[in-house]
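Notes for the structure review
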Amino acid sequence: MNIKNLIGGIICLLLLQTGWAQSVAPIVHDPVLIKEKGIYYLFATGQGITVMSSKDLTTWKPEPPVFNQPPDWAVKAIPTFTGHIWAPDISYYRGKYYLYYSVSAFGKNTSCIGLATTPTLDPHDPNFKWTDHGLVIQSFPGKTNWNAIDPNLIVDKQGKAYLSFGSFWDGLKLVRLTADGTAVDEDLASIPTIASRKTDPTGPNPPAIDDNPKDAGGNAIEAPFIYKHGDYYYLFASIDYCCKGPRSTYKMIVGRSRGIQGPYLDDKGNDMARGGGKMMLAGDADWHGVGHNAVFREGKDEYLVFHGYDAHDQGKPKLHIEKIIWDKDGWPILKK
């Protein structure tokens, strides 16, 4: 979303042109992971959406981006959009791979979430083809007190699909989708806030701090990811500030609920919609900040996938994949 994202995109493009696979942690922002036929596919923020593949989660090979040119609908909706797509979300749903993605003007809620699908992720398969379904949901400055970015698909036990999303403004939102996942299926004027840093949901958005965009305000929460484990749905979110290199303060929090629609409570019973959230992971001497996570399951193993700002390499955002274990009370922690 800043110059480092652009640099990362250029690096990935150069690697793609040379066909070179890298075994060091790649520079990525907002990663998500899925596996098909023995190959892991990573999707991340980038020009046209960054795509990488791996056979072992260690050595990564750049793949062609999802879009070779910006979608026409997105260019019309976001006048400043030039093809740099944020925060993709990948799922296997209804016999296809569903990729929700974000287009936005930085620091404003002039934003949209779109959807593309493909029957396979293997670019060598003759059936491989991304079909763009266009706009799913849109936010407008002065009209919606939420930001239509950072999507994540979750399906309940009855097969109903929901999309969590959001960044700053009023916080993280949840909306029910149509059965085919291509459109919203409820009144956008009344969709709930499922997580916020505001302790009073009816209060005004806090003001921006430091050099952060004024329009976005100071409700520093984004990147929801809902994951079902055991009897609970777990809502992961990122708080504080990404995209600042060595000045990044990103952290991850988590809460849980027995139903997708919440409320999501932390380990002390605090509602995430009222400033609650159990600390999952924060930066340290090696990583300035860590965040924008996804959860990936392979058999009985579960992994937290996220990016961290490398304190030993100029704060560059790099890929992390860490195994999750669950404590005696059913809360996720990372295996040391």
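Our structure's up above, just so we're on the same page.
Everything numeric here is computed off the predicted structure, so don't read it as measured data.

What counts and how
- Residues numbered from 1 in each chain as written.
- Predicted model: local features only at pLDDT ≥ 70, side-chain atom pairs only at ≥ 80, totals over all residues.
- Heavy atoms only, no water.
- Disulfide = S-S within 2.5 Å.
- Buried < 20%, exposed > 50% of the residue type's maximum accessible area, 1.4 Å probe, protein only.
- Helix = DSSP H or I, 4+ residues; strand = E, 2+ residues; numbered from the N terminus.
- Contact = heavy atoms within 4.5 Å.
- Pairing = 2+ DSSP bridges.
- Axes fitted to C-alpha atoms, helices over the stretch in contact; angles between N-to-C directions.
- Core = buried A, V, L, I, M, F, W, Y, C linked by side-chain atoms within 4.5 Å.
- Phe/Tyr/Trp six-rings, centres within 6.5 Å; stacked < 30°, edge-to-face > 60°.
- Lys NZ or Arg CZ within 6 Å of the ring centre and 35° of its normal.

Scanning the model with the defined rule gives one disulfide in all. Two residues, Cys242 and Cys243, share a disulfide whose sulfurs are 2.3 Å apart. Here the disulfide of Cys242 and Cys243 is left-handed, its torsion about the S-S bond being about -65°. With respect to class, Cys242 is no different from Cys243; both count as buried. Cys243 provides the cysteine sulfur closest to Cys112, a residue in no disulfide bond, and the two sulfurs are 19 Å apart. Given the relative accessible area of 0%, Cys112 is considered buried.

Here the focus is the environment of Val103. Examined against the element boundaries, Val103 turns out to sit in strand E7 (residues 96-104). For Val103, a relative accessible area of 0% puts it in the buried group. Sequence separation between Val103 and Gln158 is 55 residues; the distance between their C-alpha atoms is 30 Å. Setting aside its immediate chain neighbours within four residues, Val103 contacts Trp73, Ala74, Ile78, Phe81, Ile85, Thr110, Ser111 and Cys112.

Taken together, four strands build an open sheet; the order of strands is E1-E2-E4-E5 and the sheet is antiparallel. Of all strands in the sheet, those bounded by a partner on one side alone are strand E1 (32-36) and strand E5 (61-63). On average, each strand axis in the sheet is inclined to that of its neighbour by 30°, with strand direction left out of account. Sheet topology places E1 next to strand E2 (residues 39-44); five bridges connect them, and they run antiparallel.

For the rest of this paragraph, the subject is the nonpolar core. One recurring pattern in soluble globular proteins: nonpolar side chains tend to sit buried together. Core analysis: the largest hydrophobic core is formed by 37 residues, its most contacted members being Phe43, Ile90, Phe236 and Leu304. Considering every element that reaches this core, the biggest residue donor is E7, with four residues. Discounting chain neighbours no more than four positions away, the residues touching Ile90 are Val32, Leu33, Ile34, Phe43, Tyr97, Tyr98, Leu99, Leu121 and Trp130.

Next up on the list: the packing of aromatic side chains. For the structure on display, the rule yields 15 aromatic pairs. Summarising the aromatic geometry, the rings of Trp146 and Phe165 are spaced 5.4 Å apart at their centres and angled 75° between planes, so their arrangement reads as edge-to-face. Of the two residues, Trp146 is situated in the loop between strand E9 (131-139) and strand E10 (152-155) and Phe165 in strand E11 (residues 161-165); the sequence distance between them amounts to 19 residues. A residue is classified by how much of its surface remains accessible, and Trp146, at 6% relative accessible area, is buried. Taken together, the ring pairs connect Tyr232, Tyr234, Trp326 and Trp331 into an aromatic cluster. The ring of Phe140 carries the charged tip of Lys143 above its face, separated from the ring centre by 5.6 Å. Lying across the ring of Tyr233, Lys228 places its NZ or CZ 5.5 Å from the centre.

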